[in-house]
Amino acid sequence: MDTTYNVKIWSIRVYRGKQKTSYSVRWSLDGREWRQPFDTRALADAFRSELVSATRRGEAFSLTTGRPVSHQSGASAVNWYDFAVQFADTQWHRTAGNSRKNTAKALMTATVALLRTPPAVFKAVDVRTALREFAFNTRRREEAPAEILTILKWVERNTMTMAAWEDPAKVDEVLHALGTKLDGTRAAASSVKRNRRILNVAMEYAVKHRIMRTNPLPKGRGSVPKTSSAIDKRSLLNPEQAGRLLGWVRRRPRGGKRLHAFFATLYYAGPRPEEVVAMRVADVRLPEEGEDDQWCELLFHTAQPEVGKNWTDDGEIHEERGLKGRAADDTRVVPGHPSLTQILREHIKAKYLKPGDLLFQGEKGEMLAGSVIRRAWRSARKEVLTPEEFASPLGKRVYDLRHTCLTNWLNAGVPPAQVAEWAGNSVTVLFAVYARCVSGQLGDLKRRIEDWTGLSR
């Protein structure tokens with residue numbers, strides 16, 4: 001039962017702190033104490049009077065919110081699961097594949113936390129899979145097999161209403177679930193921040209559609225864990241380490257030369273991996289072999305992030321998109337080091353590639369798979385690096401090749417605005433991510449400071 005008539009209302013409690021005085025209205029429902037603080041006695045008196053008037057009218061109080069039923073919004077009439085499905089469908093048509101996937105994960109975690117009782121007949125992993133892969137996946141929901149539909153019907157019957165979000169204790173419980181991994185350890189701060197951002201959008205959607213009166217999620221300092229966009233300096237490769245890793249990849253019996261050219265493009269030109277897999281041969285301008293200037297030019301205009309066929313509109317593994325943070329038809333031209341020019345020239349000749357072909361292909365001519373790229377890079381690290389280096393962040397991700405390239409440009413003295421243009425970033429983002437990694441200029445900076453601050457004696 002969600003309501004009660006067993007209500008006791010106490011006198012206002014005054015708390016005089018060092019900086020301000022607060023006035024708390026206290027009452028209990030079936031023995032559970034509730035409390036609402038106010039900045040002034042007048043506000044506290046008015047709120048207490050409302051509670052007293054509700055009891056005199058014989059009005060029931062909600063055990064979920066602690067307030068008289070007349071104070072409730074439309075939240076109690078809306079099931080959370082039904083709302084979450086509606087929100088997922090709304091977001092599906094306005095977001096990309098990875099955002100759809102992240103939305104489904106956040107809604108799944110919140111839904112499990114809002115179940116009235118834990119699953120007894122079904123395995124917990126099956127419930128999570130049903131929610132993530134079908135309930136909150138607009139394209140696959142109608143394809144759900146019978147056993148999945150049985151689980152989802154049980155979830156719908158056993159999920160709390162939206163009124164649960166009006167209970168601060170329940171909100172804290174959901175937020176704790178969003179910040180905790182399945183093994184009970186704390187989730188990464190970036191994951192927590194992303195999940196809370198998704199739920200904030202969901203709550204704003206509920207407010208807009210008059211399901212909730214206000215957004216119940218906490219705001220302000222300390223409500224969301226801090227994250228840093230700066231890269232770990234330990235992840236960067238020096239030229240000797242990069243040379244050994246790319247050399248091992250080149251000698252790899254299966255697809256080694258093709259993958260060597262792919263990794264070399266990341267190392268020398270600094271694009272994002274999803275931009276490289278989308279490149280065509282026509283996007284590379286190579287100078288003639290006899291020219292004095294052997295720098296090439298790479299044109300980037302499309303990205304093909306690997307999302308997974310369950311999260312794209314057409315069922316393909318990759319999703320075609322424009323360049324990150326740019327207009328739909330924007331392009332970016334990046335110079336390629338002479339070493340990269342030689343590598344790409346040999347790669348194009350060896351594979352007999354035509355201008356319209358993908359520059360880097362899978363074994364059957366298809367788009368290069370992320371699993372192949374990651375597996376080759378991990379094997380190279382394991383074979384080339386020492387056990388201590390392999391366990392460290394050194395070049396741990398393929399993306400670290402891009403980080404290394406951009407850092408090398410900055411350390412070589414290329415103006416930050418030019419590096420940002422080549423990288424497809426803003427100058428603000430560039431400084432936030434790479435400022436800690438700029439080195440080799442300390443001696444010159446010291447001399448400049450000495451010249452400026454030296455006092456005559």
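Before any of the text, the structure's been laid out above.
Residues numbered from 1 in each chain as written. Predicted model: local features only at pLDDT ≥ 70, side-chain atom pairs only at ≥ 80, totals over all residues. Heavy atoms only, no water.

Draft legend 1. Here's a closer look at the nonpolar core. Ranked by internal contacts, the top residues of the largest apolar core, which has 57 residues, are F262, F263, L298 and L359. Among residues more than four places away in sequence, those in contact with L359 are M279, R280, V281, V284, L344, H347, I348 and L353. Core analysis: the second largest hydrophobic core is formed by 49 residues, A88, I151, A163 and A202 among them. (Core = buried A, V, L, I, M, F, W, Y, C linked by side-chain atoms within 4.5 Å. Buried < 20%, exposed > 50% of the residue type's maximum accessible area, 1.4 Å probe, protein only. Contact = heavy atoms within 4.5 Å.)

Draft legend 2. Layout of the pattern of salt bridges. Summed over the entire model, instances satisfying the criterion amount to 18 salt bridges. In this structure, E275 and R272 form a salt bridge, with 3.1 Å as the shortest nitrogen-oxygen distance. Of the two residues examined, E275 and R272, each falls in the buried class. The shortest N-O distance in the salt bridge between E275 and R332 comes to 2.7 Å. Here E275 is found in helix 10 (residues 273–276), whereas its partner R332 is found in strand 9 (residues 332–336), with 57 residues between them in sequence. With respect to burial, E275 and R332 carry one shared label: buried. Bridged by salt links that share partners, the residues R132, E133 and R140 form one connected network. (Salt bridge = Lys/Arg side-chain N within 4 Å of Asp/Glu carboxyl O. Helix = DSSP H or I, 4+ residues; strand = E, 2+ residues; numbered from the N terminus.)

Draft legend 3. Main features of helix 14 (residues 400–411). For helix 14, with twelve residues, the first-to-last C-alpha span of 16 Å sits near the 16 Å given by 1.5 Å per residue. Of all twelve residues making up helix 14, ten are buried, and the element is well covered by its neighbours. Of all the positions in helix 14, only D400, L401, R402, H403, T404, C405, L406, T407, W409 and L410 are classed as buried. The elements touched by buried residues of helix 14 are helix 9 (256–269), strand 9, helix 12 (370–384), helix 15 (416–423) and helix 16 (427–434). At the exit of helix 14 stands G413, carrying a positive phi of roughly 95 degrees. (Expected span 1.5 Å × (residues − 1).)

Draft legend 4. Looking closely at a negative patch on the surface. On the surface, E288, E291, D292 and D293 cluster together into a negatively charged patch. Structurally, D292 can be placed in the loop between strand 7 (284–285) and strand 8 (296–300). (Patch = residues over 30% accessible without salt bridge, like charges linked within 9 Å, V, L, I, M, F, W, Y side chains within 5 Å. Areas by Shrake-Rupley, 256 points an atom, 1.4 Å probe, with all protein chains shown as cover. Lys, Arg positive; Asp, Glu negative; His and termini not counted. Charge placed at Lys NZ, Arg CZ, Asp CG, Glu CD.)

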